[in-house]
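# Chain and residue survey
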Amino acid sequence: MTRARPRKRGLPALAGGSITRLPSRTSSTIAVLGAGGFIGSHLVPALAAREGTSVLAVDSTFDKLVVPASGAKRVERRQARLGDTGVLEEITARADVVVSLTALCNPALYNTRPLEVIDANYTDLVPLVKLCAARGRRLIHFSTCEVYGRQALDRKGRRQRQMDEESTMLCLGPVASERWSYAAAKQLLERVIWAHGVHAGLRFTIVRPFNVIGPRMDFIPGVDGEGIPRVLASFMHALMTGQDLLLVDGGRQRRAFVDVGEFVDAVVRIIDRPRACDGQILNLGSGVNELSIAALARAMIAAYRVARPEAPRPKVRPVPARVFYGEGYDDSVRRVPSVGKAERLLGGWRARRKLAEMLPAIIEDYLRRYEAAVLAPPPARAAAGRGRGQGQGVVG
Ligand code: UGA
């Protein structure tokens with residue numbers, strides 16, 4: 001099993017910096033960057049439930065973050081953007097562990113706003129990596145399954161069934177296929193983190209999430225965001241508004257979906273197992289929920305019809321990728337994780353929940369939060385959606 005092993009102890013050179021390594025403390029402070037986003041809003045309550053943990057929750061908005069009263073005293077909300085002056089210095093001075101979730105991880109942006117995507121997923125985070133290394137802070141960074149690219153290929157270019165941390169190549173498309181701007185930025189940040197681990201003593205774990213789904217994912221267009229959200233919210237929007245569910249290029253692409261609750265359980269295990277997980281790259285995903293996007297549409301329609309039997313029967317319709325996402329879009333044709341390494345390092349953790357078990361609660365949550373706003377006339381809709389911003393934690 002490949003792990004980053006430090007070749008040289010010592011501090012990395014920080015341009016113009018005079019940062020010194022700070023002593024560890026006995027109580028543990030975990031900074032969650034992107035705490036107000038989808039995954040952050042599930043992770044922070046799970047961490048806050050633990051005695052002896054203080055959570056420094058950082059984001060630009062916290063509308064999605066609800067912490068039960070029993071854990072609220074352990075959570076400090078710090079409303080800020082990572083680029084604000086002094087914020088990264090403050091976080092790395094105060095936290096023992098930094099969980100870095102912030103990202104622009106919506107495929108509709110990769111070919112339409114690639115410069116912002118590259119900055120959010122690479123440029124803005126390099127200083128965080130350097131500060132964590134310089135100050136001896138443990139970094140748990142969320143990368144993406146997209147680093148594997150279009151499909152799973154081994155070192156000889158042969159197809160693999162699963163994407164594997166140790167043996168799968170990272171095969172992105174041409175530069176003109178701007179879809180891969182995101183994956184390239186994420187991959188380069190992984191390499192920066194790895195190099196700091198090997199050459200500058202950084203303690204890190206890199207997580208590659210595979211299609212995490214659950215309540216509070218993304219946004220609904222016209223209510224609390226604009227544009228095209230990821231497929232779950234896209235299909236929910238279509239279901240709630242009575243529009244056709246659009247299958248990009250016919251919906252033959254395949255994904256494996258993992259429940260956010262099981263995913264968060266794995267992240268907590270990573271935090272609790274520094275010896276096993278330091279210097280490691282881990283896929284986190286499901287080995288049981290692989291299906292095509294067309295099959296996902298059918299499953300969501302079936303679950304929606306249970307929740308809203310009176311609604312008109314939803315329909316699906318194919319749409320060319322170029323029409324749906326614009327020039328420069330490309331796609332992963334099949335994306336299924338190898339989960340053996342995570343199972344070994346995380347004490348037998350395994351994602352077991354089936355899609356059909358997850359969908360009813362997810363659909364109920366979207367209906368509760370959005371149905372009235374979606375069906376309201378436009379001015380009322382804008383008012384209903386006001387204040388439900390995305391924050392920075394829109395991690396993939
Ligand atoms: C995205 C991010 O790029 C990943 O970093 C992230 O790990 C992943 O989501 C995730 O949710 O964890 P992707 O799976 O391509 O990757 O994102 P989606 O927007 O959810 O699309 C999934 C598939 O559904 C794609 O093939 C897309 O073309 C298709 N799709 C999407 C539709 O057919 N119809 C829609 O309305 C939306």
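Structural data are supplied above this passage.
Everything in this summary refers to the structure shown in the same document. (Residues numbered from 1 in each chain as written. Predicted model: local features only at pLDDT ≥ 70, side-chain atom pairs only at ≥ 80, totals over all residues. Heavy atoms only, no water.)

### Notes on the environment of Asp-119
Going by this rule: The numbering of helices and of strands both runs from the N terminus, where a helix is a DSSP run of H or I of at least 4 residues and a strand a run of E of at least 2.
Inspection of the secondary structure puts Asp-119 in helix α5 (residues 114-121). Note: C-alpha distance between Asp-119 and Ala-185 (66 residues apart in sequence) is 8.2 Å.

### Observations concerning the packing of helix α11 (residues 293-307) against helix α14 (residues 355-375)
To be explicit about the condition: For helices, the axis comes from a line fit to the C-alpha atoms of the stretch in contact; other axes are also lines fit to C-alpha atoms, and the angle between any two N-to-C directions lies between 0 and 180 degrees. An angle counts as roughly parallel when it lies under 35 degrees, as roughly antiparallel when it exceeds 145, as roughly perpendicular when it falls between 65 and 115, and as oblique in every other case. Left-handed is the label given to a crossing in which the near helix is rotated counterclockwise from the far helix by less than a right angle, and right-handed is the label when the rotation is clockwise. Two residues qualify as a contact provided that any one of their heavy atoms is within 4.5 Å of a heavy atom in the partner residue. The nonpolar class holds Ala, Val, Leu, Ile, Met, Phe, Trp, Tyr, Cys and Pro. Asp, Glu, Lys and Arg form the charged class, and all remaining residues, Gly among them, are polar.
Packing of α11 against α14 brings their axes to within 9 Å, and their N-to-C directions diverge by 60 degrees. The angle between α11 and α14 places the two elements in the oblique class. In the packing of α11 onto α14, the handedness of the crossing is right-handed. Of α14, the residues touching α11 (which contributes Leu-296, Ala-299, Met-300, Ala-303, Tyr-304 and Ala-307) are Leu-355, Leu-359, Ile-363, Glu-364 and Leu-367. Residues that form the contact of α11 with α14 fall into these classes: ten nonpolar, no polar and one charged.

### So, empty space enclosed by the protein
The condition is simple: Cavity means a closed set of points on a 1 Å grid over the protein atoms alone, one where a 1.4 Å probe fits but cannot get out, pocket means an open set with protein on both sides within 12 Å along at least 5 of 7 lines, and lining means a residue has an atom within 4 Å of a point. Grid points are joined across faces, edges and corners, and a volume is the space filled by probe spheres set on the points.
The full count for this structure, using the stated rule, is one cavity of 30 Å³ or more. Quantified by volume, the largest cavity comes out at close to 450 Å³. Lining of the largest cavity is provided by 33 residues; of these, Pro-107, Asn-211, Arg-230, Val-231 and Arg-255 occupy positions nearest its centre. At the level of secondary structure, the elements contributing two or more residues to the lining of the largest cavity comprise α4 (107-110), β8 (212-213), α8 (231-241), β9 (245-248) and α12 (321-325). At four residues, the largest contribution of residues to the lining of the largest cavity is made by α8.

### Things to note about the site of the ligand
Selection rule: A molecule or strand has a residue near it when one of that residue's heavy atoms lies within 4 Å. In the analysis that follows, any N or O atom pair within 3.5 Å is treated as a polar contact, provided that within protein one partner can donate a hydrogen and the other can accept it, and provided that, for residues neighboring in sequence, both atoms belong to side chains. In short, Shrake-Rupley with a 1.4 Å probe defines the accessible areas, and a residue's cover is counted only from the protein chains shown.
Around the ligand sit 28 residues, and of these Tyr-110, Thr-144, Glu-146, Arg-255 and Asp-331 come closest. Take Glu-146: an N or O atom from its side chain is 2.5 Å from an oxygen atom of the ligand. Val-231 places a polar main-chain atom, nitrogen or oxygen, 3.0 Å from an oxygen atom of the ligand. In the complex, the protein chains occlude 99% of the 700 Å² of accessible area that the ligand would expose alone.

### Notes on the sheet that holds strand β13 (residues 290-292)
The cut-off we apply is this: A pair of strands is considered paired only if DSSP assigns at least 2 bridges between the two.
Pairing is mixed in the open sheet, where three strands are placed in the order β13-β10-β15. One side of each edge strand has no neighbouring strand; the edge strands of this open sheet are β13 and β15 (334-335). Examined bridge by bridge, strand β10 (residues 254-256) and β13 share three bridges and lie antiparallel to one another. Residue pairing in the sheet places Ala-256 in a bridge with Glu-290 of β13. Contacts from α11 reach β10 and β13, with the element oriented near 95 degrees to β13.

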